[in-house]
Amino acid sequence: MTGQSPLTVQSAPSQAAPTRASALIGHPMTTYLLRRFGYILISLFVLVTISFLLVQLIPGDPARASAGEAAPPEAVEARRIELGLNKPLIVQYLVFWRGLFSGDLGDSISLRIPVIDVITGRAPATLELAFIAVAIALVVAVCLGLMFGALTRSGKRHGTEVGFTSVTAVVAVIPEFLAGIILVYLFAVSIDLLPVAGRTGPASYVLPVIALAIGPTAALTRIVRAESLTVLRQDYIRTARSKRMPSIRLYGKHVLPNLLTSTLTISGLLLGGMIAGTVLVESIFAWPGLGGVIVDSIQGKDYPLIQAIVIFYGLVVLLINLVVDIALILLDPRTTLDTA
């Protein structure tokens, strides 16, 4: 017989399918993403465990704080049983994990409402402030760092370089709360130009966003400038410059993509710190986010609320770093995957 049997022809696709699946599983991108998700799961486990154990170290009795200082011992003990604080620590830990998986984070001891309601009610204001500050920090840092890198390349404009490094070094180490206090004094107390408290309109965002973003922006600007100088010394940049390539195309197409890889790697750490910095900034500007709530919950020994807020902040930081990792893959897949 010269023709193929129908059975042989039909079996060909079934042989190709495992090959494509195997190629997908063994692809460097898939391996990289699986490894990153594995890191996130491990980090999340450590975060939950530490947040559970740290609140146990807070001095004072949360049952007494919840029942009231004047409450009799019987009422305090009843409140302790109601909160589950009479159980062994390992049992409380397992109950805590069960609550996380079921979406039940318990009730706030001080507010007497579900913790999830507090998070969903306050988190949008915190995320809004944080992401606006993060976006501004990235845009300003990249623009200023690239500009000063171009101005001071090859040892040019030594005075400009000294002024830039001095100013950014000082601004980068200013804590968020100190920047907030200075801004309040300058723009709200001295000249009464901007609102100092609350989220009442676009003008109310200006001071807290600047207080949150100014330090990381200065630090990122220094990093972007250093990376710009490194890229500008490369041979392909000199070749492009010798061919009279327009500056917009030179910096936009060749310099900027090549400096963003290392910049984003470091910025993930700095931006994570910015998210944590919202706690103090919100307290200074009476921002209706989670910052003031976590301060009050620590003072009130509100275990469930403290744990939920700490996990929320940690999860946001982990997601920011995941987004940075994905952005690095999109910008430079070969380098990122090879060094992962």
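Our subject is the structure that appears above.
Remember, it's a predicted structure, so these values are computed and weren't measured experimentally. (Residues numbered from 1 in each chain as written. Predicted model: local features only at pLDDT ≥ 70, side-chain atom pairs only at ≥ 80, totals over all residues. Heavy atoms only, no water.)

Mapping Arg 79 onto the fold places it in helix H4 (residues 73-83). Owing to a relative accessible area of 10%, Arg 79 belongs among the buried residues under this scheme. With 30 residues separating them in the primary sequence, Arg 79 and Ile 109 have C-alpha atoms 9.9 Å apart. (Helix = DSSP H or I, 4+ residues; strand = E, 2+ residues; numbered from the N terminus. Buried < 20%, exposed > 50% of the residue type's maximum accessible area, 1.4 Å probe, protein only.)

Turning next to unusual backbone geometry. One non-glycine residue, Ala 286, adopts positive backbone phi at about 50°. Mapping Ala 286 onto the fold places it in the loop between helix H11 (247-284) and helix H12 (290-299).

The subject of this paragraph is H12. Of the residues making up H12, those classed as buried are Leu 290, Gly 291, Val 293, Ile 294 and Ser 297. Taken end-on, H12 shows its buried residues confined to a sector of 165°, consistent with a single buried face. H12 presents Asp 296 and Gln 299 as exposed residues on the side facing more than 90 degrees away from its buried surface. Immediately beyond the C-terminal end of H12, within one or two residues, lies Lys 301, with a positive phi of roughly 55°. (Arc of directions from axis to C-beta.)

With that settled, the discussion passes to the packing of aromatic side chains. Applying the stated rule across the entire model yields eight aromatic pairs. A centroid spacing of 6.4 Å and a plane angle of 90° characterise the contact between Tyr 93 and Trp 97, whose relative ring orientation is edge-to-face. Placement of both Tyr 93 and Trp 97 in helix H5 (residues 89-102) is noted, with a separation of four residues, approximately one turn of the helix. Residues Tyr 93 and Trp 97 agree in their burial class; the two are buried. Among the aromatic residues, ring-to-ring pairing joins Phe 45, Phe 52, Tyr 93, Phe 96, Trp 97 and Phe 101 into one connected group. (Phe/Tyr/Trp six-rings, centres within 6.5 Å; stacked < 30°, edge-to-face > 60°.)

Let's shift gears to the layout of surface pockets. Its boundaries defined by the atoms lining it, the largest pocket holds a volume of some 690 Å³. In this structure, the largest pocket is lined by 25 residues; those nearest its centre are Leu 83, Val 95, Leu 105, Gly 106 and Pro 304. Elements that contribute at least two residues to the lining of the largest pocket include exactly helix H2 (28-56), H4, H5 and helix H13 (303-331). Split by residue class, the lining of the largest pocket holds 10 nonpolar, eight polar and seven charged. Inspection of the lining of the largest pocket shows a minimum of three residues originating in each of domain 1 (29-108) and domain 2 (123-336). Approximately 370 Å³ is the volume found for the second largest pocket. In terms of lining residues, the second largest pocket is bounded by 15 residues, among which Leu 44, Leu 100, Leu 105, Ile 311 and Leu 315 are the most central. Elements represented by at least two residues in the lining of the second largest pocket include exactly H2, H5, helix H6 (115-151) and H13. Split into classes, the residues belonging to the lining of the second largest pocket amount to 14 nonpolar, one polar and no charged. Each of domain 1 (29-108) and domain 2 (123-336) contributes no fewer than three residues to the lining of the second largest pocket. (1 Å grid on protein atoms, 1.4 Å probe; cavity = no way out; pocket = protein on both sides within 12 Å on 5 of 7 lines; lining within 4 Å. Points joined across faces, edges and corners; volume = space filled by probe spheres on them. Nonpolar A, V, L, I, M, F, W, Y, C, P; charged D, E, K, R; others polar. Domains from an automatic or database assignment.)

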